Structures are given as structure tokens and as C-alpha cells.
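What follows is the residue order along each chain.
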Amino acid sequence: MLKFYWYPNCSTCRKARKALQLAGIPFQAIDITISPPTEKQFKSWLQSGQAELKGFFNTSGEEYRKAGGASLLKSRSESELIAMLTKNGRLVKRPILADGNKATFGFRDAEAILKAWS
């Protein structure tokens, strides 16, 4: 089943959820602030080339700025950065949709999400 990692207070996440619901795409909603993806999941997405490390970060978010912004990515190792993501779901670019084979990060519009997951 498609896992939908989201933050319920995020308007972009709510738009993505609505698009999935309107398209009839079944998913399991997971509050990313309570249960962020695991270190193993992040490493798997990195190794498969589905995203770069920077692509996992919500670079426009308050938590990212608090953590050091762009200098954060330059001053920490990959392992340290992944550990940060697994401990603070608000640092993570969202929503994440993953089915075990592929994953998408963020949401631009309903058309893009439907193309990826229909």
C-alpha cells in the first residue's frame, strides 16, 4: 500500500491528500511529525537515486532555518543529517509518497502526483 507521510497542518500536504482521495488512490496516511521515515528508508531512497540528500530537507521551513539552513548541509555528515531527519519530521520535505519500490518528495500539483501514482 502507498504510504503518505504528511504533516496535517501543512496546506501543501492537505492538497496532495485531497488529490489522492479524488483520484481514488488508496494510501496509508502517516503523520511525519509522529512517525518519520526510518534511517533505512532514507538511505534506500538515496542509494536508489530517487533523491539527493538535500532533497529530503524542507528548505523553506522554520525547522530548517533553526537548524542552520544551508550551512547545516555543509557542516554535517550524511549520517548526521539522516539522523536529524528521522528525529524531526518537520525538517523533511513533504509529503513523501512511497510504495516500497519508488518514492516521491513534495507536491507541485495534482497532475504530477496522479502521473506518478495512478
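Predicted, not measured: the structure shown is a model, and the values here were computed from it. (Residues numbered from 1 in each chain as written. Predicted model: local features only at pLDDT ≥ 70, side-chain atom pairs only at ≥ 80, totals over all residues. Heavy atoms only, no water.)

Trainee: Would you explain the sheet that holds strand β3 (residues 96–98) in this entry?
Mentor: Strand pairing in a sheet takes place through backbone hydrogen bonds and is either antiparallel or parallel in direction. Strand order across the open sheet formed by 4 strands is β2-β1-β3-β4, with mixed pairing between neighbours. The sheet terminates laterally at β2 (27–31) and β4 (103–105), the two strands that pair on one side only. Averaged over all neighbouring strand pairs, the angle between strand axes comes to 15°, with direction disregarded. The sheet strands contacting helix α1 (residues 11–23) are β1 (2–6), β2 and β3, and the helix crosses β1 at an angle near 155°. (Pairing = 2+ DSSP bridges. Helix = DSSP H or I, 4+ residues; strand = E, 2+ residues; numbered from the N terminus. Axes fitted to C-alpha atoms, helices over the stretch in contact; angles between N-to-C directions. Contact = heavy atoms within 4.5 Å.)

Trainee: Is there a simple way to think about the packing of aromatic side chains in this case?
Mentor: By convention here, two paired aromatic rings are described through the distance between centres and the angle between planes. Using the criterion set out here, one finds 8 aromatic pairs in the structure. Summarising the aromatic geometry, the rings of W45 and F105 are spaced 5.3 Å apart at their centres and angled 75° between planes, so their arrangement reads as edge-to-face. You can see W45 sitting in helix α2 (residues 39–47) and its partner F105 sitting in strand β4, a full 60 residues away along the chain. With respect to class, W45 is no different from F105; both count as buried. Members of the aromatic cluster, connected to one another through ring pairs, are F42, W45, F56 and F105. (Phe/Tyr/Trp six-rings, centres within 6.5 Å; stacked < 30°, edge-to-face > 60°. Buried < 20%, exposed > 50% of the residue type's maximum accessible area, 1.4 Å probe, protein only.)

Trainee: Can you walk me through the packing of α1 against helix α6 (residues 110–117) in this structure?
Mentor: Any two packed helices are characterised by how steeply their axes cross, that is the angle between the axes, and by the distance between the axes. Where α1 contacts α6, the axes come no closer than 10 Å and their chain directions differ by 55°. In this view, α1 runs oblique relative to α6, as classed from their interaxial angle. Here the hand of the crossing between α1 and α6 comes out right-handed. Counting all contacts with α1, which are made through A16, A19, L20 and A23, the residues of α6 involved are A110, I113 and L114. For the contact of α1 with α6, the residue count by class is 7 nonpolar, no polar and no charged. (Parallel < 35°, antiparallel > 145°, perpendicular 65-115°, else oblique. Left-handed = near helix turned anticlockwise from the far one by under 90°. Nonpolar A, V, L, I, M, F, W, Y, C, P; charged D, E, K, R; others polar.)

Trainee: I would appreciate a short explanation of the side chain of N58 in the present structure.
Mentor: Examined against the element boundaries, N58 turns out to sit in the loop between α2 and α3 (62–67). On the accessibility criterion, N58 (14% relative accessible area) is buried.

Trainee: What exactly am I supposed to notice about the pairing of β1 here?
Mentor: Consecutive residues of a regular strand have side chains that alternate between opposite faces of the sheet. Counting buried positions along β1 gives 4 out of 5 residues, so the element sits mostly inside the fold. In this structure, β1 lies alongside β2, joined through 5 bridges in parallel fashion. Across the sheet, K3 pairs through a bridge with Q28, a residue of β2. Assessed by its sense of winding, the connection that carries the chain from β1 through α1 to β2 is right-handed. Here 3 bridges tie β1 to β3, and the two strands are oriented antiparallel to one another. Bridge pairing in β3 places F4 opposite L97. (Right-handed = clockwise from strand over helix to strand, strands pointing away.)

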